[in-house]
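Results of the structural survey
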Amino acid sequence: MNAALRQKLVVIGNGMAGMRTVEELLAIAPARFDITVFGAEPHPNYNRIMLSSVLAGEKEVDDIIINPRVWYAENGIALHTGDPVVAIDRAAKTVTSLSGLVVPYDRLLLATGSKPLMPPLPGLELPGVVAFRDIADVEKMLAAAEQKQRAVVIGGGLLGLEAAWGLRRRGMPVALVHLMPTLMERQLDVEAGHLLQKDLTERGLHFFTGAQTEEIMGLDRAEGLKLTDGREVPADLVVVAIGIRPNIDLAKGAGLDINRGIEVGDDMCCSDPAIYAVGECVEHRGQVFGLVAPIWEQAKVCASRLAGRDDANYQTPPLSTRLKITGIDVFSVGQLTAVDEGDEELIYRDSAKGIYKKLVLRADKVVGAVMYGDVADGAWYFQMLREKADVAAMRDRMIFGQAYADVSAKGKGVDVAAMSDDTQVCGCNGVSKGTIVKAICEKGLTSLDEVKAHTKAGSSCGQCSAVVQAILSHVTGEAVEAKAAGMCGCTDLPHDEVRRVIVAQELKSMTAVRKALAWRTPDGCAKCRPALNYYLLCAWPAEYVDDSQSRFINERVHANIQKDGTYSVVPRMWGGVTTPAELRAIADVADKFQIPTVKVTGGQRIDLLGVRKDQLPAVWADLNKAGMVSGHAYAKGLRTVKTCVGSEWCRFGTQDSTGLGIKLEKLMWGTWTPHKFKLAVSGCPRNCAEATIKDLGVICVEAGYDLVVGGNGGIELRGTDPLCRVASEDEVLEYAGAFLQIYREEARYLERTAPWVERVGMDYIKKRVVGDEAGRRAAFSRFVYSQKYAQIDPWAERVLGVEAYEFQSLAEVE
Amino acid sequence: MLDWIKVGTLSDIPRLGARTVETAQGQVAVFRTSGDEVFAIFNRCPHKGGPLSEGIVSGKVVVCPLHSWTIDLATGEATAPDEGCTRPVPVKLVEGEIWLELKAGLKVAHG
């Protein structure tokens, strides 16, 4: 479009709502307007939500700038900071700024935000009284904090609590005065409010709840609060954070329709068709706004309208709340309590752990949730509320979370085109389809890895990867090839090539590999180092020295890290068989070390959960004494051999499946593999050991043993493919060992047998393991050879002091 | 009051590894790079509080063991596209001894 034909857009307000609208507008109609922005504050556009993090010292002011000045320049936006608009002339279509600038507009956007709500208190004008609204307020609070003065915050809502916590983090003694009997009463029910108050009291905040301020005391400056019940709260800094109200002065002066805020329709337009408004200054259908989610939605609608699209309409979405206080997890959405007989409450409470969860249901639909201490499933409850999902079928489980209720959708066969934008695709990271599509479009993403990096979808458990891939293909309009990419950012060479060169050139250390193959980084990275370590270990079992610093933590310390930084310990139970003495020893260990959870695993063993890292060697020592060794439940290696009781006890058993399972486990334990490797042996075709979803399964029949491979019961269910039938236990061991060795040598690191079998095909596997007798025997003997170096109990080594530094802190400073 | 406090020696930490120091302000992770540089940051990933000391170190970054965020050892910042920051602790290496600048300690116990 010719520059002369461009319309003039003036934006009043350089905050989050205004600039988000401009960003959205530039994305869809970059050439439509010449844009001028006026801001009252002297700063470029910053993230006001993060002011509490600046106050708490977790971020600097520079960290929260959203758009630096160069962004305005690059987009041809004229920016006037520190120069508020003082008048709008709707007849002449101009605005006038404090400095006297007069700028004409075709379209005007009001994004004037809000002002702190200040109660009519005597003493409010004294120095030492501040609001909590902008960078200048935070600077005043920080200056007071530096002098280690005492602070009192008025207001126990989201804003007041974040202010109080930030000041406390800065080392100030802080009291908080709140009018209502419990904190955050608009977002939390009484129970959660009390838990929050208890936690924050333990962190050093003092509370006066149900307390009304009568006046701010002091002559020349604030000296404290006097409450209506006569109590006095001394303080040098008084922060008023009781709420906000829309900043409507300018709109009022211009004669626009206003109520509590500037009135807008679904099109975000004011009573003057040339003037739009977004953010905390607006009132839409009687509602005003303080949270960011609906404001982003307004920005999107407003930008579409400004761009000339008349089909965009704003509708307030259901809102959820989270508190930004490090280490305190709070989530709420919708209705906080049952309000009449039609409402039902599901409540989970663990007072020892400080966990509280409540769901409010009406007619089998979620209408509200309050969570304290464990908010992991907040996004899931929120999604069910938005979707008005019928939850009758999982009602008795859902309070325990999504993992128990299991409503997960499977990746294959999902129609991504029909999927709504707010459908949650990644349950781990709470990423919706809309977010993924937006990232793909805005950032021009073309590969699954890029989508994972930018949105986090699929980056945790990976279950949704297939759906994410399908969305990517759908959006980009082409089947995106899973190209043979390099191992990682350090090299363009794919796994198979690196591996071939390691063997061909006899490279026997990681440094040698990186040098020979011209790695771009001297140390490698967290992706290639574990892979190289495995490839070298597999190629040179007798010579290569394992590099523990290239191991993921679980394999480095031979235990499974848990979400709270403790570990779980699983001793090996050969073939799932144990003895009273072993069970007694496990019970004694659990008692002695006060292990909080003892659980039976899916692999027929016992898991001890919640062991501190420094306790691990002592726990292992006791287990070793009772004859138990590491179960490698943490390893990309041989995990378990699950068995049924077989012919020894079972009236249907055809062979000794338990005994054969133990023989297989004794042969294979300790081996490292590209990914975890699980076995099962069933004593008859009823298959009670579920051998058909294992990496390698044995199903006993009257005539011998059926071997099946490539199964997976995990992320993506895959039944095994039949390999062959053999006649004797010795043949089972040889065929199984050969299959395992070929998998070890030829699968890529982190590739389970299921995708490997699909990639190379069963014909190839049968040819190698069944058809080529000499090749099978050779592979089996290579496996047996490598086991000479692998079958050393890592727990016993560490009990004797190997890598002792891993389990001790360097120093304690009291 | 901040004070320089000796917490150990360079050889106490494996190359491309980390050790932890307990302090009144929380656990601090002290890292050693392949080039024997030393960095210290609070041992909590900005994402979900994961123990960064248990991550894989390369160059001057560590990858959190819980959800694979990459954290810059010098600044404590998560690398793009992730956003977040854990606080760095001033550290110096003098003749093989590692010193951290911490709130004045009354007592130091070496593990």
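Residues numbered from 1 in each chain as written. Chains lettered and ligands numbered in written order. Predicted model: local features only at pLDDT ≥ 70, side-chain atom pairs only at ≥ 80, totals over all residues. Heavy atoms only, no water.

1. Details of the overall build of chain A
Our working definition: The helix and strand labels rest on DSSP assignments: H or I over at least four residues marks a helix, E over at least two residues marks a strand, and numbering proceeds from the N terminus. Throughout, exposure labels follow a simple rule: accessible area from a 1.4 Å probe, protein chains only, divided by the maximum for the residue type, with under 20% read as buried, over 50% as exposed, and the rest as partly exposed. The contact criterion used is simple: two residues touch if any of their non-hydrogen atoms lie within 4.5 Å. The convention is simple: Lys and Arg are positive, Asp and Glu are negative, and His and the chain ends are not counted. Note on charges: their place is set at NZ of Lys, CZ of Arg, CG of Asp or CD of Glu.
Per the secondary structure count, chain A includes 25 helices and 37 strands. Dimensions of chain A along its principal axes, counting C-alpha atoms only, are 95 × 70 × 60 Å. Per-residue burial over chain A gives 52% buried out of 814 residues. Sequence-distant contacts, at least 24 apart, represent 62% of the contacts inside chain A between residues at least 6 apart. If you average the places of the 94 positive and of the 105 negative side-chain charges in chain A, the two averages end up 3 Å apart.

2. Topic: the sheet that holds strand 14 (residues 224-227) of chain A
Working definition: the strands of a sheet are paired by backbone hydrogen bonds and lie parallel or antiparallel to each other. All names here are of chain A. For clarity, the threshold we go by: The pairing criterion is simple: DSSP has to find at least two bridges between the two strands. For helices, the fitted line uses only the C-alpha atoms of the stretch in contact; every axis is such a line through C-alpha atoms, and the angle between N-to-C directions lies from 0 to 180 degrees.
Judged by pairing direction, the sheet is antiparallel, and its 3 strands sit side by side in the order 13-14-15 without closing on themselves. In the strand order of this sheet, the two ends are held by strand 13 (213-217) and strand 15 (232-234), each with one partner. Geometrically, the sheet is characterised by an average inter-axis angle of 20° between neighbouring strands, direction not taken into account. In this sheet, strand 14 lies alongside strand 13 in antiparallel orientation, the contact comprising 4 bridges.

3. Quick look at the pairing of strand 31 (residues 606-611) of chain A
Residue and element names in this part refer to chain A. With 5 of its 6 residues buried, strand 31 lies for the most part within the structure. Bridge count between strand 29 (residues 567-569) and strand 31: 3 bridges; the pairing is antiparallel. Paired with Ser568 across the two strands is Leu609, which belongs to strand 31. As judged from the 4 bridges shared by strand 30 (residues 597-600) and strand 31, these two strands associate in the antiparallel manner. Residue pairing across strands places Thr597 opposite Leu609, the latter belonging to strand 31. Joining the antiparallel neighbours strand 30 and strand 31 is a turn of 5 residues, in which Gln604 adopts a positive phi near 65°.

4. Focus: the domain arrangement of chain A
Under the convention used in this document: All domain edges in this entry derive from an automatic or database-based domain assignment.
Examined at the domain level, chain A breaks down into domain 1 (3-114 + 246-306), domain 2 (129-242), domain 3 (329-405), domain 4 (495-551), domain 5 (555-634) and domain 6 (638-789). One C-alpha centre belongs to domain 3 of chain A, the other to domain 6 of chain A; they are set 44 Å apart.

5. Details of the pairing of strand 34 (residues 696-701) of chain A
All names here are of chain A. Within strand 34, 6 of the 6 residues are buried, leaving the element largely enclosed by the surrounding structure. Of the two faces of strand 34, the one carrying Leu696, Val698 and Cys700 and the one carrying Gly697, Ile699 and Val701 are both buried. Of the pairings in the sheet, the one linking strand 33 (residues 677-682) to strand 34 comprises 4 bridges and is parallel in character. Residue pairing in the sheet places Val681 in a bridge with Val698 of strand 34. Note that strand 34 and strand 35 (residues 704-709) share 6 bridges and pair antiparallel.

6. Observations concerning the interface of chain B and chain A
The criterion, for reference: What gets called buried area is simply the loss in accessible area from a 1.4 Å probe that two parts show on being joined, summed for both. Take a side-chain nitrogen of Lys or Arg and a carboxyl oxygen of Asp or Glu: if they are within 4 Å of each other, that pair is a salt bridge. Think of a polar contact as two N or O atoms within 3.5 Å of one another; within protein, one of them needs to be a possible hydrogen donor and the other a possible acceptor, and neighboring residues in sequence only count if both atoms come from side chains.
Chain B puts 43 residues into the contact, and the matching count from chain A is 36 residues. Carbon and sulfur atoms make up 54% of the area that chain B and chain A hide from each other, which totals about 3,100 Å². Summed over the three residues of chain B that lose the most area to chain A, namely Arg19(B), Glu54(B) and Ile56(B), the buried surface amounts to 22% of that side. For the interface between chain B and chain A, the tally reads 1 salt bridge. Applying the counting criterion to the chain B and chain A interface returns 15 residue pairs in polar contact (both at pLDDT 80 or more).

7. A word on the environment of Val301(A)
Residue and element names in this part refer to chain A. Along the chain, Val301 falls in helix 8 (residues 292-306). The class of Val301 is buried, set by a relative accessible area of 4%. Sequence-wise, Val301 and Ala312 are 11 residues apart; in three dimensions their C-alpha atoms are separated by 5.4 Å. The residues contacting Val301, other than those within four sequence positions of it, are Asp266, Met268, Ala312, Asn313 and Tyr314.

8. Re a positive patch on the surface
Filter applied, for reference: Distance thresholds for patches are 9 Å for like charges and 5 Å for nonpolar side chains (Val, Leu, Ile, Met, Phe, Trp, Tyr), applied to residues having over 30% relative accessible area and no salt bridge. Reported accessibility uses the Shrake-Rupley method at a 1.4 Å probe radius. Residues are deemed covered only where the shown protein chains occlude them.
Judged by side-chain charge, Lys148(A), Arg170(A), Arg87(B) and Lys103(B) come together as a positively charged surface patch. Position of Arg170(A) relative to the elements: it lies in the loop between helix 5 (158-169) and strand 11 (174-178). Residue Arg170(A) is classed as partly exposed on the basis of its relative accessible area of 30%.

9. Thoughts on helix 4 (residues 135-146) of chain A
Residue and element names in this part refer to chain A. How we decide: Expected helix span is computed as 1.5 Å times (number of residues minus one).
Between the first and last C-alpha of helix 4 there are 16 Å, a value that for 12 residues agrees with the 16 Å anticipated at 1.5 Å per step. Turning to helix 4, its buried residues number three or more, namely Ile135, Asp137, Val138, Met141, Ala144 and Ala145. Against the buried residues of helix 4 lie helix 2 (51-55), strand 9 (129-131), helix 5 and strand 16 (237-240). With a side-chain oxygen lying 3.2 Å from the backbone nitrogen of Ala136, the N-terminal cap of helix 4 falls on Asp134. Lys148, located one to two residues past helix 4, shows a positive phi value of around 55°.

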